[in-house]
Amino acid sequence: MNSRLRASERQEAEGALNAQLRSVASDTPVILDFDETLWLRNSTEVYLQSLWPRLPAVLILFMLEWLRPWCWLTSNDAVSRYRDWLRVLTTTLLMPWNLLLWRRKARQLGPRYANRRLLEMLDQGPAVPLVAPLVATFGLRPIVDPLLRAIDPRLRLCVAGGFWSAFRLRRQGKWAALQQVLGEQTARRALYVTDSAEDQDVLNAVRHPVLARWPDARYEDALARGYIPFLYSSRGKRTGKQYISQVVLKRDVMVLILAFAWTQPNPLLAAAALLLMHLSFWLVYEIGYQENDVIGEQHEQAPTLASGYSEMRDRMDPTAAWTASLLIAAPGLLLLLYATDAPTSSSQTPQALIALAFGWVCYLIAARQAFRLYNQRQPESRGLLYLLLQLFRSIGYALFIPATTVGAALCIAHVLVSWLPYLAYRYSGLRLETPDRLLYIVHFLFIALTLGLMSRDLTTFLTSQSAAILLYFGWRARLEAGIWLQRAGRIDAVPRDAVPRGGEPEQSRDRYQEANRLLGPRAAKVNATID
């Protein structure tokens, strides 16, 4: 925010407050909102940012944002009523020592972000000094009270959310709570200062309302700083593409489940194990993503960087990523142990788990080194090395869990769907738009039929596992299949002048020409070779 705009906002806020101060009596109750008014930060978010140790707190908050349990309680205003309360309640119950740590931190944070200008204006009222201000907030009392005492011991917290019942204050409304505490007549005479339109019920009821936004106030989400698992993949590398849900979960993890877990003695346990193991793998894998972008920025003339790269670049923390990966892997490896071949006695479990964990750590180290090798090569030579990365994402899991021939065919199809378009891009400079979901079925059927015919045993592929694979990827490819069928009509059924040279649709030709223009001489050379 530039200085001129900040000065304008400050002048507007002070002007609104001064206009009301001129007309108040000396016994007028003064009620202040807390977050971003009396205190120029959001107390809930700062408390959540301060949780120690940081990594488990981030994982808990991340899971809460993913599960969104506040939406399970009600569909009406679920976020505003329950989100802050459930995040504080869950993290504090799981890490209760943080309430004690917060009291110490509040002694420093309270004065640091206090709105001193607001307090000065109230102390220097145009008439006689006003009575000591009261504070009314939707924030939680165990968080706000230590801050308030550190700012000014004279300030009194009259309305705040309880640790176990903060949602009730949201449901009741701040004006109803003020009437209960102060009485309706006293509350109506008050001067009320807030920055939030959520307090409209109070602003409409009191005699001296002030709605002012202070230029130094800032809201910062608890997950806005530091390392957050999977954040770099979704915002730094594949901005706006829902990469974790669409690729990591719905594609990678489902391939692993259909290829490996389907035929295990306990497929549900195996599926849960593979989910956790692949999330563990991905936390290490995305270190390579960030390394790839940094190296590209430093050494390539025209690096391909996502729009969120500059914001996310410094938030990657390899040590935290490895720690989170191992934490997530631990329950996954235990589940895998019992899903595949449970130890015959409880005394064998620790040894088997240690051996499995050692193997998994070696696998993660090997994958990380493979990505480092890939990043350190010239971009033109990476096409073949990319195959190695794809092997780690699927086929390599066969080191830990057995697969059938059907599962092997699916894993090979998975590798080809990812590798072949990338190989074409590296050797031609053109990013081809291919029907990836449809190609899963095409590659799988081609590999399965080839292996079946060569072994003279097609019954190997006539299984429920094959049916599940075709049903899942058939459903995901339904739109691409529909488009292909629309374009698969007979060529003699279309007028000759409606078919471009080479049978290429006009839209594809336009993209082709635009790519030529952007790539320049290199594209011309490549296309001349193709022609």
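Participant: Sorry if this is basic, but what is going on with the side chain of N42 here?
Facilitator: Position of N42 among the secondary structure elements: in the loop between β1 (30-32) and α2 (43-49). The buried category is assigned to N42, whose relative accessible area is 9%. Polar side-chain contacts of N42 include one of 3.0 Å to the backbone nitrogen of E45. Sequence-distant contacts of N42, that is, excluding residues within four places in its chain, are made with D35, E36, R218 and Y219.

Participant: Would you explain the pattern of salt bridges in this entry?
Facilitator: Opposite charge on two side chains permits pairing when their charged atoms draw close. This structure, assessed with the given rule, holds 22 salt bridges. Between D199 and K174 there is a salt bridge, with its nearest N and O atoms 3.2 Å apart. Of this pair, D199 sits in the loop between β4 (191-194) and α12 (200-205) while K174 sits in helix α10 (residues 174-182), placing them 25 residues apart in sequence. K174 carries the same exposure label as D199, and that label is buried. Note that E297 and R313 form a salt bridge whose closest N and O atoms lie 3.3 Å from each other. In this pair, E297 sits in helix α15 (residues 267-299) while R313 sits in the loop between α16 (309-312) and α17 (318-340), placing the two residues 16 residues apart along the sequence. R313 sits in the partly exposed class, given a relative accessible area of 25%. Salt bridges sharing partners connect three or more residues here, namely E45, E65, R83, D84, R87 and D221.

Participant: How do you make sense of the pairing of β4 when you look at a structure like this?
Facilitator: Burial of β4 is two-sided: the residues L191 and V193 facing one way and the residues Y192 and T194 facing the other way are all buried. In this structure, β1 lies alongside β4, joined through three bridges in parallel fashion. Following the sheet pairing, V30 is matched in β4 by L191. Examined bridge by bridge, β4 and strand β5 (residues 208-211) share four bridges and lie parallel to one another.

Participant: What is the right way to read the confidence of the model for the protein chain from this model?
Facilitator: Of all residues in the protein chain, 88% have pLDDT values of 70 or greater, and the mean over the chain is 87. Below pLDDT 50 for its whole length, residues 511-531 participates in 15 contacts with residues either more than four positions away or in separate chains.

Participant: Could you clarify how one ought to interpret the sheet that holds strand β2 (residues 134-140) in this entry?
Facilitator: Sheet strands pair via backbone hydrogen bonds, and the direction of the pair is either parallel or antiparallel. Read from one edge to the other, the open sheet built from five strands follows the order β3-β2-β1-β4-β5, with strand pairing classed as parallel. Here the strands that pair on one side only, and so sit at the sheet edges, are β3 (156-161) and β5. Between one strand axis and the next, the sheet turns by 20° as a mean value, whatever way the strands run.

The rules behind each value
- Residues numbered from 1 in each chain as written.
- Predicted model: local features only at pLDDT ≥ 70, side-chain atom pairs only at ≥ 80, totals over all residues.
- Heavy atoms only, no water.
- Helix = DSSP H or I, 4+ residues; strand = E, 2+ residues; numbered from the N terminus.
- Buried < 20%, exposed > 50% of the residue type's maximum accessible area, 1.4 Å probe, protein only.
- Polar contact = N/O pair within 3.5 Å; in protein donor to acceptor, adjacent residues only side chain to side chain.
- Contact = heavy atoms within 4.5 Å.
- Salt bridge = Lys/Arg side-chain N within 4 Å of Asp/Glu carboxyl O.
- Pairing = 2+ DSSP bridges.
- pLDDT = per-residue confidence, 0-100.
- Axes fitted to C-alpha atoms, helices over the stretch in contact; angles between N-to-C directions.

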